[in-house]
Amino acid sequence: MMRTEVVITIVAMAVVTFLTRFTSPVILGGAGISSRFKRFLKHVPTAILTALIAPTLFAPHGYVEVSTGNSYLIAGTIAAILAYFRQPPLVTMGGGMAAMLALRSFGL
Amino acid sequence: MKAKEFVEGLKDTLPIMVGVFPFGLAYGIVAQSIGLSSGETLLMSLLVFAGAAQFISLPMFAEGAGMIMIAITALLVNLRHLLMGMSLAPYMKGLSLPHKALLTFGMADETYAVTISRAQANGYSSAYHLGSNAAGYVTWVVSTTGGILLGSCIHDPLSWGLDFAMPATFLALLIPRLTGKINILVCLAAAVVSIMAAVAIPGKWYIIIACLAAATAGGIMEGAENDEN
């Protein structure tokens, strides 16, 4: 089963993603980006990774919750500590999910 | 087409892709749980071939976000390819346009890293590049398929903690980046802006707003620092 609007959205994602890959080697030849834009691009990964996860961890239900009742924040803190000590991504991922599972099974 | 170099590219990339396999599984399982069909889930891996952008689209699909918002977010997440492409561009100069198109389609964090390392150490080979891309692409499609199959067995992924797979994955990518004052300030700015925007503005606009604001602030801080030196 494929819904038309979902397929169109997937194709749109594919087109813009291909453009990001294709642009530098083909259209710009590697020389055409201003140094100001390069400095912006350099910080996009950190900015977007943070923007993606911060609201999930700090406001999982649409309002800010900094308390021991927020299982997302606790599991996130555990995953962040694992990542900080240079554990492989798999350990960070597994540790975070295990913490989440444990918190849920204790009814938090 | 040099078969030996193609195989070398495959061999050098596969060990790294072992770490990507669980992400592909998780993507397949979570996509099913938010209501994408198996065909749609697989189609996205086949056409988009970009783990982070695919993962991020899932909660947006679940919320019924529009095509424009999902596409803009995918564009922002994948802007890093521009930088990767710039460093590969000088090596790819002599290739034909269709050849360039084929090779750039397979550019991902892992295949890029393997290809550029080899180019810098032993010279660039388009056959090696293609081998590396093929290893990355096949791993991603196979692991997605595995996730789709697993997803049909797991009826309540929430109780498995799977909704936490995405934040945990992104934390694993984010934390090692936080070296130096500017990177930490960019992270803090993105956190504050995204949380405020998520609470105040309906939908997923907070991703785009916080990304643009924090990356611009980072670029300005870095520019100012360069002027001082």
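Residues numbered from 1 in each chain as written. Chains lettered and ligands numbered in written order. Predicted model: local features only at pLDDT ≥ 70, side-chain atom pairs only at ≥ 80, totals over all residues. Heavy atoms only, no water.

(A) Molecular detail of the overall build of chain A. For chain A, the helix and strand inventory stands at four helices and zero strands. What you see in chain A, going N to C, is helices and strands ordered as α-α-α-α. A compact globule built from 108 residues should have a C-alpha radius of gyration of about 13 Å, whereas chain A, at 20 Å, is more than 25% larger. Taken along the three principal axes of its C-alpha coordinates, chain A extends 55 × 40 × 30 Å. (Helix = DSSP H or I, 4+ residues; strand = E, 2+ residues; numbered from the N terminus. Rg over C-alpha atoms; globule rule 2.2 N^0.38 Å.)

(B) Quick look at the environment of F23(B). Along the chain, the position of F23(B) falls in helix 2 (residues 21–33). When its relative accessible area of 16% is taken as the criterion, F23(B) is described as buried. For the pair F23(B) and H155(B), spaced 132 residues apart in sequence, the C-alpha to C-alpha distance is 19 Å. With sequence-adjacent residues up to four places away left out, F23(B) is seen in contact with P89(A), M93(A), F55(B), W140(B) and T169(B). (Buried < 20%, exposed > 50% of the residue type's maximum accessible area, 1.4 Å probe, protein only. Contact = heavy atoms within 4.5 Å.)

(C) Inspection of helix 2 (residues 35–58) of chain A at higher detail. Along its 24 residues, helix 2 of chain A runs 35 Å from first to last C-alpha, staying within 8% of the 34 Å computed at 1.5 Å per residue. At V44(A), helix 2 of chain A shows its largest bend, some 40°, and a proline, P45(A), comes one to four positions later. (Expected span 1.5 Å × (residues − 1). Bend = angle between axes of the 7 residues up to and from the residue.)

(D) Representation of the environment of I81(A). The residue I81(A) is located in helix 3 (residues 71–84) in this model. Through-space distance from the C-alpha of I81(A) to that of G95(A) is 10.0 Å; in sequence the pair is 14 residues apart.

(E) Inspection of the nonpolar core at higher detail. In terms of nonpolar packing, the biggest core is built from 73 residues, with M44(B), I56(B), F61(B), F164(B) and F170(B) touching the most fellow members. With nine residues, helix 2 of chain A is the single largest residue contributor to this core. With sequence-adjacent residues up to four places away left out, F164(B) is seen in contact with L57(A), Y72(A), A75(A), G76(A), G96(A), M97(A) and M100(A). L88(B), M92(B), L103(B) and I116(B) belong to the second-largest nonpolar core, a separate cluster that totals eight residues. (Core = buried A, V, L, I, M, F, W, Y, C linked by side-chain atoms within 4.5 Å.)

(F) Quick peek at the domain arrangement of chain B. All names here are of chain B. For chain B, the assigned domains are domain 1 (2–164) and domain 2 (178–224). Between the C-alpha centres of domain 1 and domain 2 there is a distance of 25 Å. Across the boundary between the two partners, domain 1 contributes eight residues, which contact seven residues of domain 2. When the two sides are added together, the surface that domain 1 and domain 2 hide from each other amounts to roughly 680 Å², 85% of it contributed by carbon and sulfur. On the domain 1 side of the contact with domain 2, E63, M69 and L76 bury the most area, a combined 62% of that side's loss. Applying the counting criterion to the domain 1 and domain 2 interface returns zero salt bridges. Here domain 1 and domain 2 share zero residue pairs in polar contact (both at pLDDT 80 or more) between them. If you list the elements that add at least two residues to the side of domain 1 that touches domain 2, you get helix 4 (51–63) and helix 5 (67–77). Grouping the amino acids of the side of domain 1 that touches domain 2 by side-chain chemistry returns six nonpolar, one polar and one charged. (Domains from an automatic or database assignment. Buried area = accessible area lost by both parts, 1.4 Å probe. Salt bridge = Lys/Arg side-chain N within 4 Å of Asp/Glu carboxyl O. Polar contact = N/O pair within 3.5 Å; in protein donor to acceptor, adjacent residues only side chain to side chain. Nonpolar A, V, L, I, M, F, W, Y, C, P; charged D, E, K, R; others polar.)

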